[in-house]
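Chain residues, written in single-letter form:
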Amino acid sequence: MSFIRIQTPKLDSDGNYIGGSASILESVYVNDGGKFHCRQKNRESLGQVVFCDKERKCGIFLSKQRGLVAYDSQKDEFSIPDDDDPRLGKREHEAAPVHTVFGDSYLLMEFMRKNGYAGLLRNVFDRNFSYERILAHLIHDIAKDGSRISCSDFISKSFSSYILDSVSTKSLRSDSAYFDAMGDDDVKVSFFRSFVSMMRKKDKDFGKACYVDSTPLPNDIVDNPFNALCSHGTGVCEMMSRLVLVLDDKYGLPVWYDFIGGSILDVSTIMKVVDDVKATLDITIDSLVLDAGYVSKEMLSAFASSSSKTLVARMPARKGYPFRELYSMFHREMDKGKYAFVMRNHTYFGQKKEMVVQGVRIWCYVYVDKENALMGARRYMMENAEEYSSLSLHDKDWTLVKYGYFVLVANYEASPEEILSSYFSRAKIEEVFKTAKSYIALLPLSKWTAQRIKGKILSDMIALIITLNLQKELNSCGESLNDLWGACSSLMCIRNKGEAIVETASKRVKELFSIFSIPVPASVRINDFKKALQIKV
């Protein structure tokens, strides 16, 4: 529910407001430990009060963002007052120039246009639902910079509202129709086929080498149809879903994903994703790099003798696996320089042995990260001096390595350095997951049907792909996404009929635009920019 708040009011003889400053407040319910209470949130400044009725239900205001505008709180609607509106009285009100945030949305739309994503989206989604509506959600998801501003409020204050004018900003607040449409499997398939095709025009080997991994998506929706009881990746049991991601090795971009219940984590899950990618995109996943949660007898059996796919996985430290047994085999060699190597500024011990694990003959690679082992052992001995002194000599030796000790399994023979380098490729996927959760707000999954949840994930994946491209350009210059959106949102424009007049950009904004080889315009003709984005005029 929205209502008008007026500060430093000035009233006429009838009790109506004819002065002061006003803003729109919104009542929201907050979950505080299971108890809900109401909180008021300032949604938008209305500026100077021209006239407002005594009940503060509706009035006319001189807004810095919207100019002279009428607002009805009961309908939650804005309108342009007529020149002869009696509420204006005899005063002459010069319409304030409408200052609109320009830099962030313009840069993003121009980046999408130059890199082919605007054309890709236009081709994929033209027949299913509004292309402009998709752009509106992507601009909000990518450029909001971690803020909790709603899509409707973000777009209404943005230059993009001039370009996406066929979309009602009010409808973006709770856009169930959009997420329902995005949840269709045909939309997902169509997008990724077009995306892979576009990338292969730039590099014919795109998608030839891919990795698979998953991340938990815990959330508070009890009736989420994808939720299942799971503890992998969280340390405790809870209800969650899992996002399985297929990542191109060279570019670090997602080429496919699947969304599963949290309890499903086995060889059949992986093989289903592998088969889906092959059948849908004609991409053969020839390399699997997996965490310990996937390792099982079935997984090892499926890849033990495979010649077409390579497997590297972390051995779980549980019963049935020779985790400590391998330590006993090699502990006398762990201090010998013969088996030491340096990778990523850490010194490692590495040895290998072929043996039978869970009834399957497979290669085991034993490692000790010397830096992590020493740091962990020192911390343990300082904090548990009495306990350490009571340990046996064998357990004391184990303490000195256990904080850096780990074992990898692989279905092929190579040097310990090569296998560890392959395993570190998982770091690319971890960075992608981190970006998705930090910048795209992949959580929470605040949708209530399977169709809408699938739609949100697809929308987030498209936003993630574009964000990763932006991030790659910025990282090469030592810049960050936070710096980009923070600085560019300071660049404003004023609309003058069919043209956006852009304020003088600061040196910092020009520097950030130049990273993407995009000049800061002095003005933008709205219809020309819409045509460039393939929006019908």
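Novice: Give a description of the overall build of the protein chain that names residues and reports values.
Specialist: Along the backbone of the protein chain there are 19 helices and 20 strands. Here the protein chain, with 537 residues, has 50% of them falling under the buried criterion. Summed over its atoms, the accessible surface of the protein chain is roughly 25,800 Å², and 48% of this surface lies on carbon and sulfur atoms.

Novice: Go over the nonpolar core, please, and point to the residues and values.
Specialist: Of all hydrophobic cores here, the largest spans 127 residues; its most connected members are Phe159, Phe191, Phe195, Tyr405 and Ile466. With 12 residues, the top contributor of residues to this core is helix α16 (residues 450-475). Those residues in contact with Phe159 that lie beyond four places of it in its chain are Thr100, Val101, Phe102, Ser105, Tyr106, Met109, Cys493, Ala500, Val524 and Phe529. Val312, Met343, Tyr365 and Phe406 belong to the second-largest nonpolar core, a separate cluster that totals 17 residues.

Novice: Describe the sheet that holds strand β20 (residues 523-525), naming the residues involved and giving the relevant values.
Specialist: With antiparallel pairing, the 4 strands of this open sheet are ordered in space as β7-β18-β19-β20. The sheet terminates laterally at β7 (99-101) and β20, the two strands that pair on one side only. Sheet twist, expressed as the mean angle between neighbouring strand axes with direction ignored, is 30°. Sheet topology places β7 next to strand β18 (residues 492-496); 3 bridges connect them, and they run antiparallel.

Novice: An account of the sheet that holds strand β15 (residues 346-357) is requested, with residue identities and associated values reported.
Specialist: Reading across the sheet, the 6 strands line up as β12-β13-β17-β16-β15-β14 and stay open at both edges, with mixed pairing between neighbours. On the outer flanks of this sheet lie β12 (287-290) and β14 (340-343), each paired with one strand and no other. Averaged over all neighbouring strand pairs, the angle between strand axes comes to 30°, with direction disregarded. Pairing of β14 with β15, which is carried by 4 bridges, proceeds in the antiparallel orientation. Counted as the bridge partner of Val342 is Thr347 from β15.

Novice: Give a detailed account of the side chain of Asp203, specifying residues and quantitative values.
Specialist: Its location among the elements puts Asp203 in the loop between α7 (185-202) and β8 (210-218). One polar contact links Asp203 to Tyr251, side chain to side chain, over a distance of 2.9 Å. Apart from residues lying up to four places away in sequence, Asp203 is in contact with Lys250 and Tyr251.

Novice: Can you lay out the pairing of strand β19 (residues 499-502) for me, pointing to particular residues and giving the numbers?
Specialist: Going residue by residue along β19, you find Ala500 and Val502 tucked away on one face and Glu499 and Ile501 left uncovered on the opposite face. As defined by bridge partners, β18 adjoins β19 across 4 bridges and the pair is classed as antiparallel. Each residue of the ladder has a partner; that of Asn496, found in β19, is Glu499. In this structure, the hairpin formed by β18 and β19 is closed by a connection of 2 residues, where Lys497 is found at a positive phi of approximately 60°. Of the strand pairs in this sheet, β19 and β20 are connected by 3 bridges, and their pairing is antiparallel. Residue pairing in the sheet places Glu499 in a bridge with Arg525 of β20.

Novice: Got a sec to walk through the confidence of the model for the protein chain? Specific residues and values, please.
Specialist: Averaged over all residues, the pLDDT of the protein chain equals 84, while 86% of them reach at least 70. Per-residue pLDDT, averaged within each element of the protein chain, yields its smallest value for strand β9 (residues 228-230) (44) and its largest for helix α1 (residues 103-114) (97). Segment residues 227-239: pLDDT under 50, and 37 contacts once partners within four positions in sequence are set aside and those in other chains are kept.

Novice: Talk me through α1; I want residue IDs and the actual numbers.
Specialist: When the terminal C-alpha atoms of α1 are compared, their 16 Å separation across 12 residues agrees well with the 16 Å that a helix rising 1.5 Å per residue should span. Burial within α1 is extensive, with 10 of its 12 residues counted as buried. Where α1 ends, the next residue or the one after it, Gly116, has phi of about 90°, a positive value.

Novice: Report on the packing of aromatic side chains, specifying residues and quantitative values.
Specialist: Scanning all chains against the criterion turns up 27 aromatic pairs. Considering the side-chain rings of Phe111 and Phe516, the 5.5 Å spacing of their centres and the 80° angle between planes classify their relative orientation as edge-to-face. Here Phe111 is found in helix α1, whereas its partner Phe516 is found in the loop between α18 (507-515) and β20, with 405 residues between them in sequence. A relative accessible area of 4% means that Phe111 is categorised as buried. For Phe516, a relative accessible area of 7% gives the class buried. Every member of this aromatic cluster is reached through a ring pair, and the members are Tyr117, Phe191, Phe192, Phe195, Phe206, Tyr251, Trp256 and Tyr257. Positioned above the aromatic ring of Trp363 is the side chain of Lys352, whose terminal nitrogen or guanidinium carbon lies 5.7 Å from the ring centre.

Novice: Describe the side chain of Asp53, and please don't skip the residues or the numbers.
Specialist: Positionally, Asp53 belongs in the loop between β3 (35-52) and β4 (58-63). Nearest to the buried, unbridged Asp53 among oppositely charged side chains is Arg87, at 6.9 Å. A distance of 2.8 Å separates a polar side-chain atom of Asp53 from the backbone nitrogen of Arg56. Setting aside residues no more than four positions away along its own chain, Asp53 makes contact with Asn16, Tyr17 and Cys58.

Novice: I'd like a description of the pattern of salt bridges, backed by residues and values.
Specialist: This structure, assessed with the given rule, holds 18 salt bridges. The partner of Asp165 in a salt bridge is Lys530, with the nearest N and O atoms 3.0 Å apart. With Asp165 in the loop between α5 (160-163) and α6 (176-182) and Lys530 in helix α19 (residues 526-532), this residue pair connects regions lying 365 residues apart in the sequence. On the basis of relative accessibility, which here comes to 45%, the residue Asp165 falls in the partly exposed class. Taking relative accessible area as the criterion, Lys530 reaches 5% and is therefore assigned buried. Its salt-bridge partner being Asp185, residue Lys454 comes within 3.3 Å of it at the nearest N-O pair. Taken together, the residues span a long stretch of sequence, with Lys454 in helix α16 and Asp185 in helix α7 at a distance of 269 residues. Here Lys454 falls in the partly exposed class, since its relative accessible area comes to 27%. Residue classification places Asp185 among the partly exposed residues on the basis of a relative accessible area of 48%. One network of salt bridges, in which partners are shared, links Glu26, Lys41, Arg43 and Asp76.

Novice: Quick one: what's the story with the packing of helix α2 (residues 117-125) against α16, residue by residue and with numbers?
Specialist: Interhelical geometry of α2 versus α16 gives an angle of 165° and a closest axis separation of 12 Å. Our classification of the angle between α2 and α16 gives roughly antiparallel. Where α2 crosses over α16, the two elements pack in a sense that is right-handed. Residues Tyr117, Leu121 and Phe125 of α2 lie in contact with α16, whose contacting residues are Ile462, Ile465, Ile466 and Asn469. In terms of residue class, the contact of α2 with α16 is made up of 6 nonpolar, 1 polar and no charged.

The rules behind the values
Residues numbered from 1 in each chain as written. Predicted model: local features only at pLDDT ≥ 70, side-chain atom pairs only at ≥ 80, totals over all residues. Heavy atoms only, no water. Helix = DSSP H or I, 4+ residues; strand = E, 2+ residues; numbered from the N terminus. Buried < 20%, exposed > 50% of the residue type's maximum accessible area, 1.4 Å probe, protein only. Areas by Shrake-Rupley, 256 points an atom, 1.4 Å probe, with all protein chains shown as cover. Core = buried A, V, L, I, M, F, W, Y, C linked by side-chain atoms within 4.5 Å. Contact = heavy atoms within 4.5 Å. Pairing = 2+ DSSP bridges. Axes fitted to C-alpha atoms, helices over the stretch in contact; angles between N-to-C directions. Polar contact = N/O pair within 3.5 Å; in protein donor to acceptor, adjacent residues only side chain to side chain. pLDDT = per-residue confidence, 0-100. Expected span 1.5 Å × (residues − 1). Phe/Tyr/Trp six-rings, centres within 6.5 Å; stacked < 30°, edge-to-face > 60°. Lys NZ or Arg CZ within 6 Å of the ring centre and 35° of its normal. Lys, Arg positive; Asp, Glu negative; His and termini not counted. Salt bridge = Lys/Arg side-chain N within 4 Å of Asp/Glu carboxyl O. Parallel < 35°, antiparallel > 145°, perpendicular 65-115°, else oblique. Left-handed = near helix turned anticlockwise from the far one by under 90°. Nonpolar A, V, L, I, M, F, W, Y, C, P; charged D, E, K, R; others polar.

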